[in-house]
Amino acid sequence: MKFVVSSTELLSRLQSINRVISTKTVLPILDNFLFELTEEGLVVIASDLETTMRTRIALDNVEGQGKVAIEAKRLTDILKEFPEQPLIFEINNESYAIDILSDNGRFSIMGQDGGEYPDMPSLAEENTLSINMSSDALLKGIEKTIFATASDDLRPVMNGILMQFSEEGSTFVASDAHKLVRYKRKDVTVNGQSSFILPKKPASLLKNILPKESGEIRLQFDDKNAYFNLSDYELICRLVEGSYPNYETVIPTNNPNKLTVNRLDFVTIVKRVATVANQASNLIKLELNDGQVVVSAQDIDFSMSGQEKLSAQYEGEAMGIGFKSSFLVDILNAMSSENVVLQMSDPSRAGIITPLEAESENEDELMLLMPMMVNDEF
């Protein structure tokens, strides 16, 4: 086999799919990329058995066909040191010896039999649902929710993003029991109702490659796997098994106390005040009054404290409520509106944070944060 490929394009594709490869592989062959050379070009695959990614590279100069497994780390380390230039790959189909020829030299490495590489999983045609959606819709759904997923071995359903589809639209949900995000899109609809839980790892992989996409992507899924077909990449992953909790029941509906504040000013003050908070609890307190919010924190063990006030619009009874500052910062950073609204019923119940200005009429964004107990000395 022989082919010519751009050094930078090949490296870019390999770096995108390299994130699939696990540091603790079940099979030694999974430490490799699978290169498949066809008349149309080159297909490169990476897998950890749970998630598989494939990228397609169109080539002009191709001789022969076949497949070979190439050590992922070794190949990417070599390619990182090349400036942009065409590279010639010559592969012996019998010994799997690989020669990489550049403008000024030659590198020789050994590959393995590509036939030992596991096959890419497939979907069951009889119960597969297909959806076309914009890459922007999928990217936003993941970006808005992935930070709120849990890392809970006892409740694996919480470790992914719930994706629900219906005639009314689509919903992305994630929660770690401390914070919850619900992001809705009205422009992605299907006949009937269906849902699945996308694991965190493939969601993170999609988050990295979707910014390069434009136009529509095709999503297909059955009871066990989900398949994402992008312009230059394909991803198929095993879904999280189990039923997602009924998240709607934890969203309080009666929240008469309402704070409207500039998002960037708010997150800046929270981060600054949190520098003197107790490192174990990360607790900050919000004191809400007409016309302002006072953000304070303290660490009694080290005799540290701090507070700042911020002009804001507040409707409701004067109250104080505590939150974990890092969670509040994560939520505020995941939003993009200039101003946000924090709605509360009382200091012991969850606060709901929504954008004051929706980015588009097709979007509905809600984030929930559980409060923390504030002692009397605070």
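As a reminder, the structure under discussion sits directly above these lines.
**Some words on the packing of aromatic side chains**
Logical step 1: By the definition in use, this model includes seven aromatic pairs.
Logical step 2: An aromatic cluster is present here, built from F3, F35 and F89 joined pairwise through their rings.

**Describing the sheet that holds strand β9 (residues 106–110)**
By definition, the strands of a sheet pair up through backbone hydrogen bonds, in either a parallel or an antiparallel sense.
Logical step 1: The strand order across the open sheet formed by five strands is β5-β1-β7-β8-β9, and the pairing between neighbours is antiparallel. Each edge of the open sheet carries a strand with a single partner, namely β5 (62–63) and β9.
Logical step 2: Two strands pair when backbone bridges link them, and strand β1 (residues 2–6) and β5 are joined in this way by two bridges, in the antiparallel orientation. Bridging across to β5, F3 finds its partner in V62.
Logical step 3: In this fold helix α1 (residues 7–18) packs onto β1 and β7 (86–91), with an angle of close to 85 degrees to the strand it touches most, β1.

**Some points on unusual backbone geometry**
Logical step 1: A positive phi angle is found at L49, which is not glycine, with a value near 80 degrees.
Logical step 2: Within the secondary structure, L49 sits in the loop between β3 (41–47) and β4 (51–58).
Logical step 3: Using a relative accessible area of 32% as the deciding quantity, one classes L49 as partly exposed.
Logical step 4: For S303, which is not glycine, the phi torsion reads 55 degrees and is therefore positive.
Logical step 5: You can see S303 is positioned in the loop between β21 (292–299) and β22 (304–311).
Logical step 6: Taking relative accessible area as the criterion, S303 reaches 71% and is therefore assigned exposed.

**Thoughts on the packing of α1 against helix α2 (residues 72–80)**
Logical step 1: Contact geometry for α1 and α2: axes closest at 10 Å, N-to-C directions at 145 degrees. Pair α1 / α2 crosses with left-handed handedness. Here L10, L11, L14, Q15 and N18 of α1 come into contact with α2, specifically with A72, L75, T76, L79 and K80.
Logical step 2: Split by residue class, the contact of α1 with α2 holds six nonpolar, three polar and one charged.

**Comments concerning the environment of V329**
Logical step 1: Relative to the helices and strands, V329 is located in helix α6 (residues 325–334).
Logical step 2: Placed 63 residues apart in sequence, V329 and F266 show a C-alpha to C-alpha distance of 9.1 Å.
Logical step 3: Residues contacting V329, with those up to four places away along its chain left out, are V267, V270 and K271.

**A short note on the pattern of salt bridges**
Logical step 1: The final tally for this structure, using the stated rule, is 19 salt bridges.
Logical step 2: The residue E9 makes a salt bridge to R13 at a minimum N-O spacing of 3.4 Å. Within this pair, E9 and its partner R13 are both found in helix α1, separated by four residues, close to a single helical turn.
Logical step 3: By relative accessible area, E9 is classed as partly exposed at 32%.
Logical step 4: One network of salt bridges, with partners in common, ties together K140, R185, D187 and E363.

**Description of the packing of helix α5 (residues 263–273) against α6**
For any two helices packed against each other, one specifies the inter-axial angle together with the distance between the axes.
Logical step 1: Running from N to C, α5 and α6 cross one another at 155 degrees; their axes reach a closest spacing of 10 Å. Relative to α6, the element α5 lies roughly antiparallel. Note on packing geometry: the crossing formed by α5 with α6 is left-handed. Between α5 and α6, the contacting residues are R263, F266, V267, V270 and K271 on the first element and S325, L328, V329, L332 and N333 on the second.
Logical step 2: Tallied by class, the residues present in the contact of α5 with α6 amount to six nonpolar, two polar and two charged.

**A few points about α2**
Logical step 1: Taken together, the buried positions of α2 are A72, L75, T76, I78 and L79. In a view along the axis of α2, the buried residues occupy a sector of 160 degrees, so they form one face of it.
Logical step 2: Looking at the packing, one finds that the buried side of α2 touches α1, β2 (32–37), β6 (66–71), β7, β8 (97–101) and β9.

**Some thoughts on the nonpolar core**
Logical step 1: Residues F33, F35 and F228 are the most contacted members of the largest nonpolar core, which totals 63 residues.
Logical step 2: When neighbours within four sequence positions are excluded, F35 is seen to be in contact with F3, L10, L14, L42, V43, V44, G66, K67, V68, I70 and L75.
Logical step 3: Of all hydrophobic cores here, the second largest spans 38 residues; its members include F266, V270, A297 and V329.

**Considerations on the sheet that holds strand β20 (residues 283–289)**
Logical step 1: Taken in spatial order, the four strands of this open sheet run β22-β21-β20-β24, and their pairing is antiparallel. Both outer strands of the open sheet, β22 and β24 (319–324), are each paired with one neighbouring strand and no more. For this sheet, the mean inter-axis angle between neighbouring strands, taken without regard to orientation, is 20 degrees.
Logical step 2: Strands in contact with α5 are β20, β21 and β22; relative to β22, the strand with the most contacts, it is inclined by about 170 degrees.
Logical step 3: Across the sheet, α6 lies against β20 and β24, angled at about 85 degrees from β24, the strand it touches most.

**Here we look at the pairing of β21**
Logical step 1: Extensive coverage of β21 is indicated by the burial of six of its eight residues.
Logical step 2: In this structure, β20 lies alongside β21, joined through five bridges in antiparallel fashion. Bridge assignment links K285 to a residue of β21, and that residue is S296.
Logical step 3: Linkage of β20 to β21, two consecutive antiparallel strands, is achieved through a turn of two residues, within which G291 is found at a positive phi near 90 degrees.
Logical step 4: In this structure, β21 lies alongside β22, joined through eight bridges in antiparallel fashion. Looking across to β22, one finds that V293 is bridged to L310.
Logical step 5: Here β21 folds back onto β22, and the loop between the two strands holds four residues, one of which, S303, carries a positive phi near 55 degrees.

Parameters at a glance
- Residues numbered from 1 in each chain as written.
- Predicted model: local features only at pLDDT ≥ 70, side-chain atom pairs only at ≥ 80, totals over all residues.
- Heavy atoms only, no water.
- Phe/Tyr/Trp six-rings, centres within 6.5 Å; stacked < 30°, edge-to-face > 60°.
- Pairing = 2+ DSSP bridges.
- Helix = DSSP H or I, 4+ residues; strand = E, 2+ residues; numbered from the N terminus.
- Contact = heavy atoms within 4.5 Å.
- Axes fitted to C-alpha atoms, helices over the stretch in contact; angles between N-to-C directions.
- Buried < 20%, exposed > 50% of the residue type's maximum accessible area, 1.4 Å probe, protein only.
- Left-handed = near helix turned anticlockwise from the far one by under 90°.
- Nonpolar A, V, L, I, M, F, W, Y, C, P; charged D, E, K, R; others polar.
- Salt bridge = Lys/Arg side-chain N within 4 Å of Asp/Glu carboxyl O.
- Parallel < 35°, antiparallel > 145°, perpendicular 65-115°, else oblique.
- Arc of directions from axis to C-beta.
- Core = buried A, V, L, I, M, F, W, Y, C linked by side-chain atoms within 4.5 Å.

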